[in-house]
Amino acid sequence: MEKLSQYQDVLDTEHYIAERKSQVESFVEATKIEAEFMLEKIKAEIENTRLYLEKLEKNSRLNLEAEARERLGAFYNQAVEQENLAAISKALENKIHGYGIQYLYPAQKLLEQLIEGYDEIHAVQQLKDVRRKIKNAIAANTVGQCDYVEENRRISAIALVTQVFNSKADLYLSQLDPNTVGEFTQALQDDFILINHYGVAFSHARIHESFLKLRLEEFKLAALVLAFKAQQQAEKSELQKQRIVG
């Protein structure tokens, strides 16, 4: 025992290290749990803020519309119709003449401006969430609305404009890349205007603007994911070249 006593300090040190390691592991685990809780709380606060801003924007629009009605009186409907005709005219012009370079959205610009605060995992999760909302809206037949009183005719008219609009959106999505997201975003907005315009003939069958926003968000997030993957592939290829040269 006397011979071994000289190693007592080593044993004490090992015991101290093991104890401190256990404390550190417990602290790390507690920190992870707290971080996850804070992350969920922050996400909830962000979502509440977004909903509040949407509500505020909607109320502001309604207030402005009421004020415009009061000021313009009998000319209000004429002014609204003029604005609608201008939008329809622009949409038709785009469809006839195509989309110029002003709608191009270079990949680098997309990465710098659109994905601030995102990473690939976040963008993928957001994309999955948006696609889930899109599928739920289609399944619940809440993509649009119609003024037909008869239920079957109303459902059929909504299904018609929904099918046309989603066909356009799916076509653009299948051809999407970071450089075409601007063009296809504008194209879908033009389709939204024109489909709702032609839907007047079917008792004002129309697509909800909220569904348009969902599909536009889908475009943006899909383009983000594609841009991330393209960037990662480029970095991987460059690294392989450097290894070969090295």
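Note that the structure is predicted; figures quoted are calculated from it, not measured.

Asks: Just to check I follow, could you spell out the packing of aromatic side chains for this structure?
Replies: Each aromatic ring pair is specified by the distance between its two centres and by the angle formed by the two planes. Applying the stated criterion across every chain yields a total of three aromatic pairs. When the ring of F165 is compared with that of F192, the centres are 6.4 Å apart and the planes differ by 70 degrees; the resulting orientation is edge-to-face. Of this pair, F165 sits in helix α5 (residues 151-174) while F192 sits in helix α6 (residues 181-198), and the two are 27 residues apart along the sequence. Of the two residues examined, F165 and F192, each falls in the buried class. Among the aromatic side chains, those forming a connected cluster through ring pairs are F165, F192 and F211.

Asks: Please explain the pattern of salt bridges as it appears in this structure.
Replies: Between side chains of opposite charge, a pair can form when the charged atoms approach closely. Under the counting rule described, the total for this entry stands at eight salt bridges. We note a salt bridge from D129 to K133, for which the minimum N-O separation is 3.6 Å. On the criterion of helical spacing, the pair formed by D129 and K133 is a turn pair, its members being four residues apart in helix α4 (residues 120-139). According to the relative accessible area criterion, K133 is partly exposed, its value standing at 33%.

Asks: Before we go on, may I ask you to explain the confidence of the model for the protein in this structure?
Replies: Caution is warranted with low-pLDDT regions, since their predicted coordinates should not be read in detail. Scored by pLDDT, the protein comes out at a mean of 76, with 65% of its residues at no less than 70. When mean pLDDT is taken per element in the protein, strand β2 (residues 206-207) scores highest with 93 and helix α3 (residues 107-113) scores lowest with 49.

Asks: Teacher, can you tell me more about the environment of E209 here?
Replies: Tracing the backbone shows E209 in helix α7 (residues 209-245). Owing to a relative accessible area of 46%, E209 belongs among the partly exposed residues under this scheme. Along the backbone, E209 and G144 are 65 residues apart, and their C-alpha atoms lie at a distance of 8.5 Å.

Asks: Can you walk me through the side chain of D191 in this structure?
Replies: Within the secondary structure layout, D191 lies in helix α6. Here Y172 takes part through its side chain, which lies 2.7 Å from a polar atom of the side chain of D191.

Asks: Any chance you could explain α5 here in plain terms?
Replies: Since the α-helix turns once every 3.6 residues, residues separated by three or four places project in the same direction. With 24 residues, α5 should reach 34 Å at 1.5 Å per residue; the first-to-last C-alpha distance of 34 Å fits that figure. Every buried residue of α5 is listed here: A157, I158, V161, T162, F165, N166, A169 and Y172.

Asks: Would you explain the nonpolar core in this entry?
Replies: The tendency in soluble globular proteins is for nonpolar side chains to be buried as a group. The biggest cluster of nonpolar side chains holds 34 residues, and the ones touching the most others in it are F165, L188, I207 and F211. For this core, the secondary structure elements donating two or more residues are α4, α5, α6 and α7. Of the residues forming this core, the biggest block, eleven residues, is contributed by α7. With near-sequence residues (within four places) excluded, L188 lies in contact with F165, K168, A169, Y172, L212, R215, L216 and F219.

Basis of the calculations
- Residues numbered from 1 in each chain as written.
- Predicted model: local features only at pLDDT ≥ 70, side-chain atom pairs only at ≥ 80, totals over all residues.
- Heavy atoms only, no water.
- Phe/Tyr/Trp six-rings, centres within 6.5 Å; stacked < 30°, edge-to-face > 60°.
- Helix = DSSP H or I, 4+ residues; strand = E, 2+ residues; numbered from the N terminus.
- Buried < 20%, exposed > 50% of the residue type's maximum accessible area, 1.4 Å probe, protein only.
- Salt bridge = Lys/Arg side-chain N within 4 Å of Asp/Glu carboxyl O.
- pLDDT = per-residue confidence, 0-100.
- Polar contact = N/O pair within 3.5 Å; in protein donor to acceptor, adjacent residues only side chain to side chain.
- Expected span 1.5 Å × (residues − 1).
- Core = buried A, V, L, I, M, F, W, Y, C linked by side-chain atoms within 4.5 Å.
- Contact = heavy atoms within 4.5 Å.

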